Amino acid sequence: SGILATSFIILVILSFSFWFLIRTILKQKTLEEMKSDFTNNITHELKTPIAVAYAANDALLNFNQAEEKTQRDKYLRICQEQLQRLSRLVEQILSMSMERRRTFRLHPEELSLQEIVERLVEQHKLKAGKPVHTSTDIEPQDLTVLADRTHFSNILSNLLDNAIKYSNGEAEIDIRCRRIATMEQGEQTEISVSDRGIGIAPEKLKHIFDKFYRVPTGNLHDVKGYGLGLFYVKTMIEKHGGSVSVKSELGKGSTFTIRI
Ligand code: ADP
């Protein structure tokens, strides 16, 4: 029975090692897959604005004197928009890797919410490619925040981007800015972006701020992205000493609220 017991123990050890090996291989595969998915997505995201800007530029180069100014301006505007998009993408990717370094610095300044929101809304309406209706409610009108201009604009940009992307058809967006009194932080500025889009299921809500997380839905691939936007929002607003929260109802819409 001694031999029997020993072989049993060896068998148990062997099956454990085998299970462990299989698990490691499977894990590595998913990580590899994630990396390649990410590379594919990001390459695609970067290719599009380059191709569009290239084509617009090409059209401009082939213009002669007789061409109308409006036509030329149209192509110049396309170039400008695509370059902006490209620079935002690159900036976000860089910020994400920079954020982990000690050299990362914010450059806070007093920013007028009225001015920033107005500019961003206009930009997003231009590039949306579908009707976007917005209502902005800032009280008091001269409300400001102390924040890094680039990163703060990117934070709002991401929320507006999502509100448009995750609204089927026309987008209806409400932007609301208020001063609020909080128990923990004293006076804060609260900015919320509400949409009446597809919404997010309760069990998915806790994951949406994770790096690379995208809600798995049937039509996920209709909407481009790589699950970094909200991770960036959370990381950057927390760098500012602020916070982000979300309320959402599937099929009804979502409200993202940042406090700073
Ligand atoms: P991306 O939009 O690139 O996928 P994000 O990090 O911005 O990445 O968002 C993560 C996920 O959260 C999205 O894939 C989407 O499933 C969900 N999501 C974000 N914003 C909204 C929104 N306004 N309405 C519905 N779902 C949203």
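Structure's up top.
Counting restarts for each chain, with residues numbered from 1 along the sequence as it is written. pLDDT decides what is reported in this predicted model: residues at 70 or higher carry local features, side-chain atom pairs at 80 or more are listed and counted, and totals for whole chains, interfaces and linings draw on all residues regardless. Each side-chain value is derived from all of the structure's non-hydrogen atoms; neither hydrogens nor water enter the calculation.

A. Representation of the nonpolar core within the structure. One finds Phe 152, Ile 173, Ile 191 and Ile 258 to be the most contacted residues of the largest nonpolar core, which totals 40 residues. Counting residues per element, this core draws most heavily on helix α4 (residues 149-165), which supplies seven residues. Contact between two residues is taken to exist if any of their heavy atoms lie within 4.5 Å; hydrogens are not considered. Sequence-distant contacts of Ile 258, defined by excluding residues within four places in its chain, comprise Phe 152, Ile 155, Leu 156, Leu 159, Thr 189, Glu 190, Ile 191, Ile 237, Ser 243 and Val 244. By convention a nonpolar core is built from buried Ala, Val, Leu, Ile, Met, Phe, Trp, Tyr and Cys residues, the set being connected through side-chain atoms within 4.5 Å. For each residue, the accessible area found with a 1.4 Å probe, counting protein chains only, is set against the maximum for its type, and the residue is called buried under 20%, exposed over 50%, and partly exposed in between. Where helices and strands are cited, they refer to DSSP runs of H or I of at least four residues and of E of at least two residues respectively, numbered from the N terminus.

B. Representation of the pairing of strand β5 (residues 186-195). Across the 10 residues of β5, eight count as buried, placing the element largely inside the fold. Here strand β4 (residues 171-182) pairs with β5 via 10 bridges, running antiparallel. Bridging across to β5, Ile 173 finds its partner in Asp 195. We treat two strands as partners when DSSP finds at least two bridges between them. Judged from the six bridges that link them, β5 and strand β7 (residues 253-259) form a sheet pairing that is antiparallel. Residue Asp 195 lies in a different strand from β7, and its bridge partner there is Ser 254.

C. Spotlight on the side chain of Asp 195. Secondary-structure assignment places Asp 195 in strand β5. Here a polar contact is recorded for every N or O atom pair within 3.5 Å, except that within protein the pair must consist of a potential hydrogen donor and a potential acceptor, and residues adjacent in sequence are included only if both atoms are side-chain atoms. A distance of 2.9 Å separates a polar side-chain atom of Asp 195 from the backbone nitrogen of Gly 197. Excluding residues within four positions of it along the chain, Asp 195 makes contact with Ala 163, Ser 167, Glu 172, Lys 252, Gly 253 and Ser 254.

D. Structural context of the sheet that holds β4. Spatial ordering of the open sheet is given by β2-β4-β5-β7-β6, a layout of five strands whose pairing is mixed. Two strands close off the open sheet at either side, each with one partner strand: β2 (132-139) and β6 (243-249). Across the sheet, the mean angle separating the axes of adjacent strands is 15° when strand polarity is ignored. Each axis is a line fitted through C-alpha atoms, taken for helices only over the stretch in contact, and angles between the N-to-C directions span 0 to 180 degrees. Relative to β2, helix α3 (residues 113-128) is tilted by about 175°, and along the sheet it contacts β2, β4 and β5.

E. Spatial organisation of the site of the ligand. Residues in close proximity to the ligand total 19 residues, the closest being Asn 162, Tyr 166, Asp 195, Arg 214 and Leu 230. Interatomic distance of 3.3 Å between a backbone N/O atom of Gly 229 and an oxygen atom of the ligand. A distance of 2.8 Å is found between an oxygen atom of the ligand and a backbone nitrogen or oxygen belonging to Leu 230. Of all the secondary structure elements, the ones that give two or more residues to the shell around the ligand are α4, α6 (229-239) and β7. Looking at side-chain class alone, the shell around the ligand contains 10 nonpolar, six polar and three charged residues. Near is defined per residue: the residue qualifies when any heavy atom it owns lies within 4 Å of the molecule or strand. Just so you know the grouping, Ala, Val, Leu, Ile, Met, Phe, Trp, Tyr, Cys and Pro go in nonpolar, Asp, Glu, Lys and Arg go in charged, and all remaining residues, Gly too, go in polar.

F. Spotlight on unusual backbone geometry. Each neighbour pair has its own omega, and for Glu 139 with Pro 140 the value is -5°, a cis peptide bond. Along the chain, Pro 140 turns up in the loop between β2 and β3 (144-148). We note that Phe 212 has phi near 70°; this positive angle belongs to a residue other than glycine. Note that Phe 212 resides in the loop between α5 (202-205) and α6.

G. Region of interest: the packing of α3 against α4. As a packed pair, α3 and α4 sit with axes 10 Å apart at the nearest point and diverge in direction by 45°. By the criterion of interaxial angle, the relationship of α3 to α4 is oblique. When the axes of α3 and α4 are compared, the crossing they make is right-handed. Of the residues in α4, those touching α3 at Leu 113, Glu 115, Ile 116, Val 117, Arg 119, Leu 120, Val 121, His 124, Lys 127 and Ala 128 are Arg 149, Phe 152, Ser 153, Leu 156, Ser 157, Leu 160, Asp 161 and Ile 164. Residues belonging to the contact of α3 with α4 are distributed by class as follows: 10 nonpolar, three polar and five charged. Under this scheme an angle from 65 to 115 degrees is roughly perpendicular, one under 35 degrees roughly parallel, and one over 145 degrees roughly antiparallel; angles in between are oblique. Definitions for this section: a left-handed crossing has its near helix turned counterclockwise from the far helix by less than a right angle. A right-handed crossing has that turn clockwise.

H. Structural context of the pattern of salt bridges. Note on definitions: salt bridges are taken to be side-chain nitrogens of Lys or Arg within 4 Å of carboxyl oxygens of Asp or Glu. In this structure the tally under the stated criterion is 13 salt bridges. A salt bridge links Glu 115 to Arg 149; the nearest nitrogen and oxygen atoms lie 3.7 Å apart. Of this pair, Glu 115 sits in helix α3 while Arg 149 sits in helix α4, placing them 34 residues apart in sequence. Overall, the relative accessible area of 44% leaves Glu 115 in the partly exposed class. Between Glu 238 and Lys 234 there is a salt bridge whose closest N-O contact spans 2.8 Å.

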